[in-house]
Amino acid sequence: MKRVYCLYRVSTIGQVDKNDIPMQRQACHTFAKEKGWQIIEEFSEKGVSGYKKSADQREALQELKQAALQKRFDVLLVFMFDRLGRRDDETPFVVEWFVKNGIEVWSVAEGEQRFEDHIDKLLNYIRFWQSSGESLKTSIRTKARMEQLFREHGFVGGTAPYGYQLCRLGRTNKRGHELYDLTVDPTASQVIKEIFHLYCIEQVGTYRIAVRLNSAGCRTQQGAMWNSASVRSVLQNPIYTGVRRYGDVETDRFAHLQIIEDKLFLLAQNRLETSKLESPNIGYTKHRDAVLLSEQVFCMHCGKRLTVTLNKKTRTRKDGSTITYERLKYICINKSSLHPCEGQRSYTASRIDTSVLKLLQSVLFSDHSFLPELDISSATSRQEELQHAIEQERISLNALKAEVLQVLQGTSAFGSALISELIQQSESRLIALEQELVSVQENLRRQKSQQARFFELRKALISSGTKDLSSLPFHQQQEIAHAMISRIELGREGAIKIEWTFGGIAHSSADAGG
């Protein structure tokens, strides 16, 4: 008597509720009894998609494979073969694996799956190719219907956004069940209005708004404390203008859902966008406006960003009087116990700034072109190398994909697992090469753009009659430094290394002091 293992699977919990698995079990038991077989083990997968989940992710299939290797059963029985999976690039090989390991694979509805000749293999592949296509078409139809319902009603399930509540307004589905719809929550909607008023009219930041809401005992939809991120989430959500988003779908306006006027919402978006563009303040921010350089200054020894502080010193004169003076310093505050900085800790800002300003002066007003030649030949050569490598990899990938049919026909020197692995490796290499090509092209484009901006700046300064950068207002000196320098590193004995935004590196020195 043949020993039988059964596998039952449903892809949604709804199918469990419809007694789909008991139906499969009853059909398999009846079929086994007619064949004179004995069912000794049953596996059930509830809510497991045979299309979205690979065999490696399905515990039941892995247990079945282990049992097959241990020769614990003779027949794998399913109601239909698509219970084993719906992936045309994987499931045919899973079925073939069981057969090659001495396990008969049977379906109540479709009989035994054999691999006696090439026709059997092709039929096996075609069956799961059709099954995969049905899953894909079902997914497309479901997505299209969900998007249609969303456009019509603005809600297809889930929880209500903050400011709204779920109510039954008489709408029913095709089975006659009453559905939920969104309506404005009178209490929570006032909180939404207060958030937009504080942010747009009173110019209160998101963190301060969160503090006010928490102090007033207000909580989010999930009952949590407000924070800056949750406030920003409210400010960015178009639902408060009556417009809903579902993936890439955006609905027309639902007038009954509008809480915030369009003008106020746009004002909030503009302020949010502006706040993104502002450079983050680092370290002792109140002193950064007083130095030429700020966020782009780094320690040459540990690589950490330097901060700015004000150092006060008192000196006693010969006549006994005292004088107090202040000095701005670039400071490395890296005190990490694992990798503490071994370089100089502080640099007198005035000395560094003076040295850098002199270098900028010589660059901008030199009679000879200071800019380094763009390494176009090297970049072009690398582009050609990458394009050739991409072309060769595509040829290799197409050859591997063509080999799949020979694997199915049994005429290939490759096994199904090996050919699948080789295809994945080739696709990964192709993606990496294409990404590097885009990076090379973008870097060259950016460097050309920065050089063009440098010449525009130089032309503007010369035409304005400016000959000495130190004669310009300090904030303009800062802007010029930021436009020309992407990174500057300070090191021992006044060493300065500058990376220009337009390409190239300059080395200088200054009496950095301590």
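Residues numbered from 1 in each chain as written. Predicted model: local features only at pLDDT ≥ 70, side-chain atom pairs only at ≥ 80, totals over all residues. Heavy atoms only, no water.

Things to note about the overall build of the chain
Then comes step 1: Helix and strand counts for the chain stand at 13 helices and 16 strands.
Then comes step 2: By the burial criterion, 39% of the 514 residues in the chain qualify as buried.
Then comes step 3: Contacts in the chain between residues far apart in sequence, at least 24 positions, make up 62% of those at least 6 positions apart.
Then comes step 4: Taken as a whole, the chain presents about 29,700 Å² of accessible surface, with 50% of it coming from carbon and sulfur. (Helix = DSSP H or I, 4+ residues; strand = E, 2+ residues; numbered from the N terminus. Buried < 20%, exposed > 50% of the residue type's maximum accessible area, 1.4 Å probe, protein only. Contact = heavy atoms within 4.5 Å. Areas by Shrake-Rupley, 256 points an atom, 1.4 Å probe, with all protein chains shown as cover.)

So, the pattern of salt bridges
Then comes step 1: In total, this model carries 12 salt bridges according to the counting rule given.
Then comes step 2: Where Glu-326 meets Lys-312, a salt bridge forms, and the shortest distance between an N and an O atom there is 3.7 Å. Within this pair, whereas Glu-326 is found in strand β12 (residues 322-331), its partner Lys-312 is found in strand β11 (residues 307-316), the two being separated by 14 residues in sequence.
Then comes step 3: For Arg-382, the salt bridge is made with Glu-385, and the minimal N-O distance between the two is 3.0 Å. Taken together, the residues span about one helical turn, with Arg-382 and Glu-385 both in helix α11 (residues 376-409) at a distance of three residues.
Then comes step 4: Look at Arg-382 and you get partly exposed, because its relative accessible area is 31%.
Then comes step 5: Overall, Glu-385 belongs to the partly exposed group, its relative accessible area being 42%.
Then comes step 6: One salt-bridge network, held together by shared partners, links Arg-382, Glu-385 and Glu-436. (Salt bridge = Lys/Arg side-chain N within 4 Å of Asp/Glu carboxyl O.)

Notes on the packing of aromatic side chains
For any two aromatic rings, the description comes down to two numbers: the centre-to-centre distance and the angle of the planes.
Then comes step 1: Across all of its chains, the model carries 10 aromatic pairs by this definition.
Then comes step 2: Here the aromatic rings of Tyr-5 and Phe-73 are separated by 4.2 Å at their centres, their planes lie at 5 degrees, and the arrangement is stacked. Of this pair, Tyr-5 sits in strand β1 (residues 3-10) while Phe-73 sits in the loop between α3 (59-69) and β3 (75-78); the two residues are 68 residues apart in sequence, bridging distant segments of the chain.
Then comes step 3: In this structure Tyr-5 comes out as buried when scored by relative accessible area, which is 4%. (Phe/Tyr/Trp six-rings, centres within 6.5 Å; stacked < 30°, edge-to-face > 60°.)

So, the packing of helix α6 (residues 186-201) against helix α7 (residues 206-215)
Then comes step 1: Viewed as axis vectors pointing N to C, α6 and α7 meet at an angle of 145 degrees, and their least axial separation amounts to 10 Å. As α6 packs across α7, the resulting crossing turns out to be right-handed. Residue-level contacts link Val-191, Ile-195, Leu-198 and Tyr-199 of α6 to Thr-206, Ile-209, Arg-212 and Leu-213 of α7.
Then comes step 2: For the contact of α6 with α7, a count of residues per class yields six nonpolar, one polar and one charged. (Axes fitted to C-alpha atoms, helices over the stretch in contact; angles between N-to-C directions. Left-handed = near helix turned anticlockwise from the far one by under 90°. Nonpolar A, V, L, I, M, F, W, Y, C, P; charged D, E, K, R; others polar.)

Section: the confidence of the model for the chain
Then comes step 1: On average, the chain scores 79 in pLDDT, and the residues at 70 or more come to 81%.
Then comes step 2: Averaged pLDDT values for the elements of the chain fall to 47 in helix α1 (residues 13-17) and rise to 92 in β3.
Then comes step 3: With pLDDT under 50 throughout, residues 278-284 is counted as low confidence; its partners more than four residues away or in other chains account for 10 contacts. (pLDDT = per-residue confidence, 0-100.)

Brief notes about the sheet that holds β3
Consider a sheet: its strands pair through backbone hydrogen bonds, and that pairing is either parallel or antiparallel.
Then comes step 1: With respect to topology, five strands assemble into an open sheet ordered β2-β1-β3-β4-β5, the strand pairing being mixed. Sheet topology places β2 (38-46) and β5 (111-113) at the edges, where each strand pairs with a single neighbour. Averaged over all pairs of adjacent strands, the angle between strand axes in this sheet comes to 25 degrees, irrespective of strand direction.
Then comes step 2: Sheet analysis places β1 next to β3, joined by three bridges and oriented parallel. From the neighbouring strand, Tyr-5 faces β3, where its bridge partner is Leu-76.
Then comes step 3: Strands β3, β4 (104-107) and β5 of the sheet are contacted by helix α4 (residues 91-100), whose axis makes an angle of about 130 degrees with β4. (Pairing = 2+ DSSP bridges.)

Let's talk about the side chain of Asp-185
Then comes step 1: Mapping Asp-185 onto the fold places it in the loop between β7 (178-184) and α6.
Then comes step 2: At 3.4 Å, the side chain of Asp-185 and the backbone nitrogen of Ala-188 are in polar contact. (Polar contact = N/O pair within 3.5 Å; in protein donor to acceptor, adjacent residues only side chain to side chain.)

Focus on the sheet that holds strand β15 (residues 495-500)
Then comes step 1: Across the sheet, which stays open at both edges, the four strands sit in the order β10-β14-β15-β16 with mixed pairing between neighbours. Edge positions in the sheet fall to β10 (297-299) and β16 (505-509), since each of these pairs with one other strand and no more. With direction set aside, neighbouring strand axes in the sheet form an average angle of 25 degrees.
Then comes step 2: Where β15 lies against β16, five bridges are found, and the strand directions are antiparallel. Residue pairing across strands places Lys-497 opposite His-507, the latter belonging to β16.
Then comes step 3: Where helix α10 (residues 349-365) meets the sheet, its contacts fall on β14 (485-490), β15 and β16, and the angle it forms with β15 comes to roughly 45 degrees.

Description of the packing of α6 against helix α8 (residues 228-236)
Then comes step 1: Packing of α6 against α8 brings their axes to within 10 Å, and their N-to-C directions diverge by 95 degrees. When the axes of α6 and α8 are compared, the pair comes out roughly perpendicular. Contacts between α6 and α8 involve Ile-192, Ile-195, Phe-196 and Tyr-199 from the first element and Val-231, Val-234 and Leu-235 from the second.
Then comes step 2: Taken together, the residues that form the contact of α6 with α8 break down as seven nonpolar, no polar and no charged. (Parallel < 35°, antiparallel > 145°, perpendicular 65-115°, else oblique.)

Some details on the nonpolar core
Then comes step 1: In terms of nonpolar packing, the biggest core is built from 36 residues, with Leu-293, Tyr-330, Val-356 and Trp-500 touching the most fellow members.
Then comes step 2: At the level of secondary structure, the elements contributing two or more residues to this core comprise β10, β12, α10, α12 (416-463), α13 (474-484), β14 and β15.
Then comes step 3: Sorting elements by how many residues they give to this core places α10 first, with eight residues. (Core = buried A, V, L, I, M, F, W, Y, C linked by side-chain atoms within 4.5 Å.)

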